[in-house]
Amino acid sequence: MAERYSSFQKGGRMWFLQRVTAVFLLVVLAFHFFLLHFVHHADEVSFLASQGRMESLSYYSLMVTFLVTATFHGVNGVYNALVNQGLTGTKRTVIKWTLVAASVVLIAQGIRTANAWAGIGLY
């Protein structure tokens, strides 16, 4: 079945962004699991607490960037899969804006949680 959404065709901008976000997510997860299982030999909570990671601006920024990237990757993938299955018209518009609203809520809640872990009073 030919793809109907032109910007998601192989070589398009969205196709490229989907691949870049996938690579970024895999690299961050691989680094995280390497540190967690081979370097520190501890569970994630004690790792974060003992190393004071969340007080570090770079770690906090990486976590928020990971959240935004994962949200984009997932929502873009779901939307394009639905479009490629033939979703058109009003249903397509409703699904798109529902996914955008869910993304905003997910990112806001994720940043709120990150702020709480970091001890920042912005939650």
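The model shown is predicted, which means the values in this text are computed figures rather than measured ones.

What counts, and where the lines are drawn
- Residues numbered from 1 in each chain as written.
- Predicted model: local features only at pLDDT ≥ 70, side-chain atom pairs only at ≥ 80, totals over all residues.
- Heavy atoms only, no water.
- Helix = DSSP H or I, 4+ residues; strand = E, 2+ residues; numbered from the N terminus.
- Buried < 20%, exposed > 50% of the residue type's maximum accessible area, 1.4 Å probe, protein only.
- Contact = heavy atoms within 4.5 Å.
- Areas by Shrake-Rupley, 256 points an atom, 1.4 Å probe, with all protein chains shown as cover.
- Patch = residues over 30% accessible without salt bridge, like charges linked within 9 Å, V, L, I, M, F, W, Y side chains within 5 Å.
- Salt bridge = Lys/Arg side-chain N within 4 Å of Asp/Glu carboxyl O.
- UniProt positions renumbered as here; feature names shortened; annotations may be inferred.

It is worth spelling out the overall build of the chain at this point. When its secondary structure is counted, the chain shows four helices and zero strands. In the chain, the succession of helices and strands from N to C terminus is α-α-α-α. When burial is assessed residue by residue, the chain has 24% of its 123 residues classed as buried. Across the chain, every contact between residues at least 6 apart in sequence was considered, and the portion connecting residues at least 24 apart equals 63%. Carbon and sulfur atoms provide 69% of the accessible area of the chain, an area that totals close to 8,200 Å².

Together, F16, L17 and V20 make up a nonpolar patch on the protein surface, roughly 250 Å² of accessible area in all. Along the polypeptide, F16 turns up in helix α1 (residues 13-39).

Now for the UniProt feature "transmembrane region" (unreviewed entry) in the chain. Per the UniProt record, "transmembrane region" (unreviewed entry) is found at residues 20-39, 59-82 and 94-111. Overall, residues 59-82 shows 100% helix and 0% strand. The separation of its end C-alpha atoms is 35 Å. Across residues 94-111, helical content stands at 100% and strand content at 0%; the span's end C-alpha atoms are separated by 26 Å.

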